[in-house]
Amino acid sequence: MWSRIKSWLRRKCIKVDGKTAKLRISTKIACLYGAILFVMLCLMSFVTGLGIYFGFYNQAEREMDLSIRNVLQQLDAGKAFTREFWLNEPILPGVVLRVTDVSGQVFINTDNHYPTVEDVDAHVVKHKPLWASEQMEVSKLHNMVIYHEKIDTVYRGEMLQLHFYRTITADEQFLRRLQFFVLSGTVLSFILALFAGYFVSNRILRPIRTLTQTARKIEVERMDRRIPVPESHDELSELADTFNHMLDRLQAGFKQQQRFVSDASHELRTPVTVILGYSDLLSRWGRTDKSVLDEGIDSIRSEAEDMQQLIEKLLFLARADQKRQVLHKENLELSELVADVMKKMQLVEKDHTVELRENEQGEIYGDQVTIRQMMRIFLQNSSKYTPKGGHIWASSHRSTDGKFMLLELADDGIGIAKENQKKIFERFYRVDSSRTKAEGGVSGTGLGLSIAQWIAEQHDIKISIDSDLGKGTKFTLKIPLVG
Ligand code: ADP
């Protein structure tokens, strides 16, 4: 039995034998509500009890005061303790008067059921209630509580003592019974509040448990699971909704990652296969046939260079994704950068006319290395996708509001169809990926524009594209000016 209780307590997270599990929220809420209710009920009972207690004493004291005043008035008026004296009922019901002489002899007693004067005096309590007036005393004896006051007076030349008594036993008993009921009620309410709190919070928190269970079942391989959203339209449904959205994003990111890995492997497989093929060729005929040797070496070199470029790009994007790509931003004169990049392009470019048309001055803030890299990506694409003899040009000028530099990098090459223009910034996307270098297609990885876009985002540069199939392509970079 005890072991069962212990395991239940542990499940409810209560320390048993030094071992504790986590305290469940429903248990915490139930305890908290129970404790709050208990404190409130105790406070209310205390205040109510105190008020009633005070009321009883106050009532008794007022009755005693009135009786004392009446008796003293009658005595002052010279009335003797005759029938006429009692006719006016100077003593209120419940108040008892005893008159004693100097020897302590009682010669008037309005109620014989009360204990003797000596008895009452012998049982005076040390600590009377705070609100009891100074003259009043409280005695407790024979299960009775008596409130009493003693007054010395001179009656017809004789010293007399007037003893006024008023029992508050019934009141005390009532109070004690009230205390018992209130206390029992408080304890009962506390227990009920504990159960009700536990039951209610358990019900309210049930969706959270479902949420936790579903979350536990979600794994990398099974990311399609979603948490059921409660129809309550409260914080819990909001939490489930947010969680599901987070899963959507994670799943999308994960799929993107998987696609990236498979695309990268696919891209690397082609050059590796070509290199292996040529190595075979070289090992068979390379030693004897000089032309095979030359072709083999050239091809292996070219494929290795492509592979190196691809790996560089992959590493760049990986660093960018991990936010490890370091940028050293500074104020740069854009016209100088454009002039320099175009000059180098003119030097290497043999098949196209490369022209720098307008090159207005403008200071921008950015990382020189990556901005050059971005320009080169657009220009190399122009070179790749413009037939021999075509034109490639750059032009840079301020926007009409004077806040931006508009750098145009353009060509009169093959152009990009409207439906493909949005996709060209996606990783590994190539408009004509089926044509390989060997078939006369251009070598491309589909990563250049993704890198260019990342660099642009890091510099708040907006890229727009204007292209028509067969007419050419113009990329416009809207670069913020310093200040
Ligand atoms: P790639 O290495 O294949 O050039 P990019 O990401 O740089 O990869 O470009 C993606 C695709 O966009 C290219 O495959 C090409 O089809 C198209 N593209 C980019 N620039 C041009 C351009 N100037 N003219 C025509 N097509 C272009």
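Here the structure is a predicted model, which means the values were calculated and not measured. (Residues numbered from 1 in each chain as written. Predicted model: local features only at pLDDT ≥ 70, side-chain atom pairs only at ≥ 80, totals over all residues. Heavy atoms only, no water.)

Engineer: I'm lost on the overall build of the chain in this one. Help?
Structural biologist: Helix and strand counts for the chain come out as twelve helices and twelve strands. In terms of overall dimensions, the chain has C-alpha extents of about 155 × 65 × 35 Å along its principal axes. For the chain, the proportion of its 483 residues judged to be buried stands at 36%. Here the chain displays about 30,100 Å² of accessible surface, and carbon together with sulfur accounts for 56% of that area. (Helix = DSSP H or I, 4+ residues; strand = E, 2+ residues; numbered from the N terminus. Buried < 20%, exposed > 50% of the residue type's maximum accessible area, 1.4 Å probe, protein only. Areas by Shrake-Rupley, 256 points an atom, 1.4 Å probe, with all protein chains shown as cover.)

Engineer: What should I look at first to understand the sheet that holds strand 7 (residues 353–359) in this one?
Structural biologist: Strand-to-strand pairing in sheets goes through backbone hydrogen bonds, with the strands running parallel or antiparallel. Here we have five strands laid out as an open sheet, ordered 7-9-10-12-11, and mixed in their pairing. In this open sheet, the two edge strands, each paired with only one partner strand, are strand 7 and strand 11 (462–468). Geometrically, the sheet is characterised by an average inter-axis angle of 15 degrees between neighbouring strands, direction not taken into account. Pairing of strand 9 (residues 391–398) with strand 10 (residues 404–411) involves seven bridges; the strand directions are antiparallel. (Pairing = 2+ DSSP bridges. Axes fitted to C-alpha atoms, helices over the stretch in contact; angles between N-to-C directions.)

Engineer: Teacher, can you tell me more about the site of the ligand here?
Structural biologist: Close to the ligand lie 19 residues, the nearest being N381, Y385, D411, T445 and L449. Contacts to the ligand include V431, whose backbone N or O atom sits 3.2 Å from an oxygen atom. Relative to its unbound accessible surface of 530 Å², the ligand loses 98% to contact with the protein. If you list the elements that add at least two residues to the shell around the ligand, you get helix 10 (368–384) and helix 12 (448–458). Among the elements that line the shell around the ligand, the one with the most residues is helix 10, at three residues. (Near = heavy atom within 4 Å. Polar contact = N/O pair within 3.5 Å; in protein donor to acceptor, adjacent residues only side chain to side chain.)

Engineer: When you look at the sheet that holds strand 5 (residues 158–167) in this model, what are you seeing that I'm missing?
Structural biologist: As summarised here, the arrangement of the five strands in space is 2-1-5-4-3, forming an open sheet in which the pairing is antiparallel. Either end of the sheet is taken by a strand with one partner, and the two such strands are strand 2 (106–109) and strand 3 (137–141). Strand-to-strand, the axes of this sheet are offset by a mean angle of 30 degrees, without reference to chain direction. The strands touched by helix 2 (residues 25–76) within the sheet are strand 1 (95–100), strand 3, strand 4 (144–155) and strand 5, with strand 4 carrying the most contacts at an inclination of about 20 degrees. (Contact = heavy atoms within 4.5 Å.)

Engineer: It is not clear to me how the pattern of salt bridges should be interpreted in this structure. Could you clarify?
Structural biologist: Pairing is possible between side chains of opposite charge, provided their charged atoms come close. Scanning the model with the defined rule gives 13 salt bridges in all. Between R166 and E63 there is a salt bridge, and its shortest N-O distance comes to 2.7 Å. In this pair, R166 is assigned in strand 5 and E63 in helix 2, connecting sequence segments 103 residues apart. Both residues of the pair, R166 and E63, belong to the buried class. Among the salt bridges present, the one from E360 reaches R398, with a minimum N-O distance of 3.5 Å. You can see E360 sitting in the loop between strand 7 and strand 8 (363–367) and its partner R398 sitting in strand 9, a full 38 residues away along the chain. (Salt bridge = Lys/Arg side-chain N within 4 Å of Asp/Glu carboxyl O.)

Engineer: Would you mind showing me how to read the pairing of strand 10 here?
Structural biologist: Regular strands show a simple pattern: their side chains alternate between the two faces of the sheet. Taking burial as the measure, the eight residues of strand 10 include seven buried ones, the bulk of the element. Sheet topology places strand 10 next to strand 12 (residues 472–480); eight bridges connect them, and they run antiparallel. Within the sheet, the bridge partner assigned to F404 lies in strand 12 and is P480.

Engineer: Could you clarify how one ought to interpret the packing of helix 5 (residues 169–204) against helix 6 (residues 206–217) in this entry?
Structural biologist: When two helices pack together, their arrangement is given by the angle between their axes and by how far apart the axes lie. As a packed pair, helix 5 and helix 6 sit with axes 4 Å apart at the nearest point and diverge in direction by 45 degrees. By the angle class used here, helix 5 and helix 6 are oblique. Residue-level contacts link N202, R203 and I204 of helix 5 to R206, P207 and R209 of helix 6. Class assignment for the residues of the contact of helix 5 with helix 6 results in two nonpolar, one polar and three charged. (Parallel < 35°, antiparallel > 145°, perpendicular 65-115°, else oblique. Nonpolar A, V, L, I, M, F, W, Y, C, P; charged D, E, K, R; others polar.)

Engineer: Help me understand the pairing of strand 2, please; the structure alone is not making it clear to me.
Structural biologist: In this sheet, strand 2 lies alongside strand 1 in antiparallel orientation, the contact comprising three bridges. Within strand 2, the position partnered with R98 by the bridge is N109. Joining the antiparallel neighbours strand 1 and strand 2 is a turn of five residues, in which G104 adopts a positive phi near 90 degrees.

Engineer: Honestly, the packing of aromatic side chains in this entry has me stumped. Any pointers?
Structural biologist: In this description, an aromatic ring pair is defined by two values, namely the gap between the centres and the angle between the planes. Enumeration according to the criterion identifies eight aromatic pairs in this entry. Aromatic pair Y114 and Y165: ring centres 6.1 Å apart, planes at 0 degrees, arrangement stacked. With a gap of 51 residues between them, Y114 in the loop between strand 2 and helix 4 (117–122) and Y165 in strand 5 connect regions that are remote in the sequence. A relative accessible area of 9% means that Y114 is categorised as buried. (Phe/Tyr/Trp six-rings, centres within 6.5 Å; stacked < 30°, edge-to-face > 60°.)

Engineer: What's the story with the environment of R98 in this structure? I'm lost.
Structural biologist: Residue placement: R98 occurs in strand 1. Assessed through its relative accessible area of 3%, R98 is described here as buried. Between the C-alpha atom of R98 and that of K344, which follows or precedes it by 246 residues, the distance is 128 Å. At 3.0 Å, the side chain of R98 forms a polar contact with the side chain of N109.

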